[in-house]
Amino acid sequence: MSPSEVPLNDEDLVTRARAGDLEAYELLVARHTASAYRTAVLLGAGPDAEDVIQEAFVKGHRKISRYRGEASFRSWLLAIVANETRNLHRSRGRRDGLALRAAVANPPAEIGEDAAVEAVLAGERRATLVRALRSLPVKDREVIVCRFFLDLSEDETVTMLGWPRGTVKSRTSRALAKLRALLDVAEVRRG
């Protein structure tokens, strides 16, 4: 496929993949690997994230005929990643242990004193946030990850989690309130 033949949107690629064009599906995989990986990690796959996304892409390819186009291909695929991550947890016997892992930015080697202090404080704030997220119930954690860490729209979150729109709205609101309360308690403890 030459660059002028490459479809620019997911719809075209899905249509071609459904018709048996493996290159089109490979382009979809390339386009969505980063989001899929980030989803798996944030939902707790940890070191198994690559295995989870590989299985999700295989299942996505096998089930691409079931994709109806009612939501974006990305949200449909991320729903498969979320399900595979849940399957991973069930197989480990850790239903209650979705662990969020925040990507830690590598600070530049030579930073000034103020920048070093800011980096330490940012790391502490990130660690406090991750601890608070980990202590939330699984469904609260999932909706916060979808809406704020993955920056999914409400429609994409509905598709990914398979919940009714009203449930996504109410759970988001309640989960944020719980998270704020946990962060307030952590701030008070820190003094």
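Before any of the text, the structure's been laid out above.
Residues numbered from 1 in each chain as written. Predicted model: local features only at pLDDT ≥ 70, side-chain atom pairs only at ≥ 80, totals over all residues. Heavy atoms only, no water.

Observations concerning the overall build of the protein chain
Note the cut-off: Each helix is a run of H or I in the DSSP string that is no shorter than four residues. Each strand is a run of E no shorter than two, and both are numbered from the N terminus. Each residue gets one of three labels from its accessible area relative to the maximum for its type: buried under 20%, exposed over 50%, partly exposed in between, using a 1.4 Å probe on protein chains only. Each accessible area value is a Shrake-Rupley result obtained with a 1.4 Å probe; residue values ignore everything except the protein chains displayed when judging cover.
Along the backbone of the protein chain there are 8 helices and 0 strands. Along its sequence from the N terminus, the protein chain presents helices and strands in the succession α-α-α-α-α-α-α-α. Going through the 191 residues of the protein chain one by one, you find that 38% of them count as buried. With an accessible surface of roughly 11200 Å², the protein chain has 52% of that area assigned to carbon and sulfur atoms.

Here we look at the pattern of salt bridges
For clarity, the threshold we go by: Salt bridges are defined as contacts in which a side-chain nitrogen from Lys or Arg sits within 4 Å of a carboxyl oxygen from Asp or Glu.
Evaluated as defined, the whole model comprises 11 salt bridges. The partner of E142 in a salt bridge is R86, with the nearest N and O atoms 3.1 Å apart. In this pair, E142 sits in helix α6 (residues 138-149) while R86 sits in helix α4 (residues 73-92), placing the two residues 56 residues apart along the sequence. Like E142, the residue R86 is buried in the burial classification. With a shortest N-O distance of 4.0 Å, E154 and K169 are connected by a salt bridge.

So, unusual backbone geometry
If you check the backbone angles, D151 has positive phi at about 55° while not being a glycine. Among the structural elements, D151 can be located in the loop between α6 and α7 (154-161). A relative accessible area of 62% means that D151 is categorised as exposed.

Some thoughts on the nonpolar core
Our working definition: To form a nonpolar core, buried Ala, Val, Leu, Ile, Met, Phe, Trp, Tyr and Cys residues must be joined to one another through side-chain atoms within 4.5 Å. Note on contacts: a residue pair is in contact if any heavy atoms of the two residues lie within 4.5 Å.
Grouped together as the largest cluster of nonpolar side chains are 45 residues, with contacts concentrated most on F73, I144 and M160. Residue assignment for this core shows that the elements contributing at least two residues are α1 (10-18), α2 (22-42), α3 (49-62), α4, α5 (113-135), α6, α7 and α8 (165-190). When residues of this core are assigned to their parent elements, the largest contribution, 9 residues, is made by α4. Ignoring anything within four residues of it in the chain, the contact list for I144 reads L133, L136, F149, A175, L176 and L179.

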